[in-house]
Amino acid sequence: MLFARRETAALFMVLLYMPCDKATLSKNDKKKHSNKDSKIQPALENVVKRGLVTTAVKATDVVREHQSYCDIEREMKQFQGETLAYVTPWNNHGYDIAKMFSRKFTYVSPVWLQIRKASGRYTIQGKHDIDRNWISDVSQGKNVNIVPRVLFDGWKVNDFHVLFSSEDEQQNLIETFLDVIEENGFHGIVLEVWSQLGGHRQSELIHFIGHLGEAFQSKSKKLILVLPPPLVRGNIDSGMITREQLEMLAPSVDAFSLMTYDFSEPGRPGANSPLDWVRACVEALVPDSASVNRRKILVGLNFYGNDYALGSGGPIIGNQYIEILSKHKPKLQWDSATSEHVLKYKYAHHLLLVFISWPFIFIV
């Protein structure tokens with residue numbers, strides 16, 4: 001799926017092929033993926049010149065070409081806006097991809113860290129995953145910002161109440177963030193907290209993020225905030241984020257990582273990220289395409305599909321997709337209404353629908 005528009009000006013992606021559930025990346029997906037057979041093969045021409053960026057894509061082409069890239073253009077950034085890529089410690093292949101194509105990214109966000117509160121103190125967990133050699137490989141001599149994602153992990157309602165009720169508590173938490181940034185040479189963080197409050201206490205959260213952004217700006221550090229989509233099926237308000245709230249948040253953050261994916265679910269199977277819905281989400285938050293706030297929105301591109309059958313199913317990652325194409329050889333059909341591909345295949349006498357919306361990497 002291709003929806004990188006000039007007025008959108010930014011995008012982010014997940015490296016590589018990781019499903020998402022309630023967070024930018026789900027902790028439930030922490031299983032290693034073997035890469036012993038996934039050596040990437042170089043090609044002499046990019047995917048456009050090879051005729052692979054097309055609505056009439058063939059399963060045989062995907063199977064044959066999915067591990068190939070154009071080495072000549074490996075360090076050439078096609079998309080002129082900002083880009084953010086998430087990398088997970090439980091999928092080592094993403095680390096390799098981030099190193100190989102690092103010049104294509106403005107931000108690289110390793111999913112390493114969690115903020116927790118224990119015995120009245122704020123602590124950063126996950127520091128054992130920090131790989132300083134990899135950070136150097138990705139960023140040294142390049143215009144790439146390393147901004148690990150920080151998740152509010154295990155927080156209870158009272159923990160947020162204590163935080164919001166005390167300026168000293170907020171300052172302690174801010175200093176905890178800045179300390180880990182300085183200690184490890186990070187350029188900033190990606191903060192995931194907005195969805196965890198389920199649409200509650202938003203004014204207090206905006207107040208805290210204002211303090212956090214001011215502190216980051218004083219240290220020349222980047223702050224990216226993860227936001228849920230403002231619209232659900234039927235373009236109905238989700239109640240999670242509004243235009244007015246984004247306008248209040250915008251001066252405090254460098255970018256918003258917008259979760260424009262997971263549109264459908266097993267109970268209501270369908271597209272992953274319908275193009276019109278993605279556009280509507282962006283326009284609901286920032287109607288003016290010339291606004292500086294529009295350029296702060298990083299539109300989420302999911303690198304996974306969904307496999308549905310009889311009201312059940314869920315995300316499938318890259319190697320599962322290739323296995324289905326190789327074994328069942330289905331015909332990929334382009335759905336012009338959603339700008340996604342759909343395929344059907346039979347498994348154990350059941351007809352399954354697979355909705356595929358991997359975007360064209362060429363745009364980056």
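The structure contained in this document is the topic of the report that follows.

### Observations regarding the overall build of the protein chain
Within the protein chain one finds nine helices and 20 strands. Across the 364 residues that make up the protein chain, the buried fraction comes to 54%. Across the protein chain, contacts joining residues at least 24 apart in sequence account for 73% of those joining residues at least 6 apart. For the protein chain, the accessible surface area stands at approximately 16,800 Å², while carbon and sulfur atoms represent 48% of it.

### Considerations on the pattern of salt bridges
Per the counting criterion, the structure on display carries eleven salt bridges. The partner of Glu-204 in a salt bridge is Arg-201, with the nearest N and O atoms 2.7 Å apart. A salt bridge links Asp-276 to Arg-279; the shortest N-O distance between them is 3.6 Å. Of this pair, Asp-276 and Arg-279 both sit in helix H8 (residues 275-285), three residues apart, roughly one helical turn. Each of Arg-50, Asp-61, Arg-64 and Glu-65 takes part in one network of salt bridges that share partners.

### A closer look at the packing of helix H4 (residues 157-165) against helix H5 (residues 167-184)
At their nearest, the axes of H4 and H5 sit 5 Å apart, and the two run at 105° to each other. One element, H4, and the other, H5, form an angle in the roughly perpendicular class. Contact residues: H4 offers Val-162, Leu-163, Phe-164 and Ser-165, while H5 offers Glu-167, Glu-169, Gln-170 and Leu-173. Tallied by class, the residues present in the contact of H4 with H5 amount to four nonpolar, two polar and two charged.

### Remarks on the packing of aromatic side chains
We describe a pair of aromatic rings using the distance from one ring centre to the other and the angle between the two ring planes. The tally for this structure, following the rule as stated, stands at eleven aromatic pairs. The structure contains a cluster of three or more aromatic residues connected by ring pairs, namely Tyr-122, Phe-152, Trp-155, Phe-160, Phe-164 and Phe-177.

### Regarding a negative patch on the surface
A contiguous patch of negative charge, built from Glu-175, Asp-179, Glu-182 and Glu-183, is present on the exposed surface. Along the polypeptide, Glu-175 turns up in helix H5.

### Here's the deal with the pairing of strand S9 (residues 149-152)
By the alternation rule, side chains of S9 split into Arg-149 and Leu-151 and Val-150 and Phe-152, which are all buried. Relative to S9, strand S6 (residues 113-118) is paired through three bridges, and the arrangement is parallel. Along S9, the bridge assignment pairs Ile-115 with Phe-152. For S9 and strand S10 (residues 188-192), the ladder comprises three bridges, and the chain directions are parallel. Residue pairing across strands places Leu-151 opposite Glu-192, the latter belonging to S10.

### Examining the side chain of Ser-273
Tracing the backbone shows Ser-273 in the loop between strand S14 (255-258) and H8. With a relative accessible area of 0%, Ser-273 lands in the buried category. A distance of 3.0 Å separates the side chain of Ser-273 from the backbone oxygen of Thr-260, its partner in a polar contact.

### Digging into the packing of H5 against helix H6 (residues 202-218)
Where H5 meets H6, the axes come as close as 10 Å, and the angle between the chain directions of the two elements is 40°. On the basis of the axis angle, H5 is oblique to H6. Of the two elements, H5 crosses H6, and the hand of that crossing is right-handed. Where H5 approaches H6, its residues Glu-167, Gln-170, Leu-173, Ile-174, Phe-177, Leu-178 and Ile-181 are matched on the opposing element by His-207, Phe-208, His-211, Leu-212, Ala-215 and Phe-216. Considering only residue class, the contact of H5 with H6 consists of nine nonpolar, three polar and one charged.

Definitions and limits used
- Residues numbered from 1 in each chain as written.
- Predicted model: local features only at pLDDT ≥ 70, side-chain atom pairs only at ≥ 80, totals over all residues.
- Heavy atoms only, no water.
- Helix = DSSP H or I, 4+ residues; strand = E, 2+ residues; numbered from the N terminus.
- Buried < 20%, exposed > 50% of the residue type's maximum accessible area, 1.4 Å probe, protein only.
- Contact = heavy atoms within 4.5 Å.
- Areas by Shrake-Rupley, 256 points an atom, 1.4 Å probe, with all protein chains shown as cover.
- Salt bridge = Lys/Arg side-chain N within 4 Å of Asp/Glu carboxyl O.
- Axes fitted to C-alpha atoms, helices over the stretch in contact; angles between N-to-C directions.
- Parallel < 35°, antiparallel > 145°, perpendicular 65-115°, else oblique.
- Nonpolar A, V, L, I, M, F, W, Y, C, P; charged D, E, K, R; others polar.
- Phe/Tyr/Trp six-rings, centres within 6.5 Å; stacked < 30°, edge-to-face > 60°.
- Patch = residues over 30% accessible without salt bridge, like charges linked within 9 Å, V, L, I, M, F, W, Y side chains within 5 Å.
- Lys, Arg positive; Asp, Glu negative; His and termini not counted.
- Charge placed at Lys NZ, Arg CZ, Asp CG, Glu CD.
- Pairing = 2+ DSSP bridges.
- Polar contact = N/O pair within 3.5 Å; in protein donor to acceptor, adjacent residues only side chain to side chain.
- Left-handed = near helix turned anticlockwise from the far one by under 90°.

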